[in-house]
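Report on the structure
Each chain, letter by letter, is given below.
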Amino acid sequence: MWNKIALVLVIIGALNWGCVALFATDVVGFIFGGTYSVFSRIIFGLVGLAGIFLIPTLFSNKNVD
């Protein structure tokens with residue numbers, strides 16, 4: 001279950017970075033009141049922690065459950 005939650009957060013982060021690259025728009029920042037608002041920073045922190053949490057799956061032969 002935690003792997004799926006982490007994967008969703010990483011996908012949200014990836015899509016946000018794609019929007020920044022293609023459209024110069026920070027969607028998470030837009031939704032939560034600016035890039036440097038407390039809520040945006042919490043979301044960015046959770047995305048970062050999810051990425052760290054998923055690092056071992058790179059070296060695992062199992063699927064994300």
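Residues numbered from 1 in each chain as written. Predicted model: local features only at pLDDT ≥ 70, side-chain atom pairs only at ≥ 80, totals over all residues. Heavy atoms only, no water.

Under the annotation held in an unreviewed UniProt entry, the chain carries the name Membrane protein containing DUF378 and is attributed to human gut metagenome.

Now for the UniProt feature "transmembrane region" (unreviewed entry) in the chain. Mapped onto this numbering, the UniProt entry annotates "transmembrane region" (unreviewed entry) at residues 7-32 and 38-59. Structurally, residues 7-32 comprises 85% helix and 0% strand, and the distance from its first C-alpha atom to its last is 21 Å. (UniProt positions renumbered as here; feature names shortened; annotations may be inferred. Helix = DSSP H or I, 4+ residues; strand = E, 2+ residues; numbered from the N terminus.)

Okay, the environment of Val20 next. With respect to the helices and strands, the residue Val20 is situated in helix α1 (residues 2-23). Take Val20: its relative accessible area is 31%, and that puts it in the partly exposed class. (Buried < 20%, exposed > 50% of the residue type's maximum accessible area, 1.4 Å probe, protein only.)

Glancing now at helix α3 (residues 38-58). For α3, built from 21 residues, the straight-helix expectation of 30 Å at 1.5 Å per residue is met to within 8% by its first-to-last C-alpha distance of 31 Å. For α3, the full list of buried residues reads Ser40, Val47, Ala50 and Leu54. Close packing links the buried residues of α3 with α1 and α2 (27-31). (Expected span 1.5 Å × (residues − 1). Contact = heavy atoms within 4.5 Å.)

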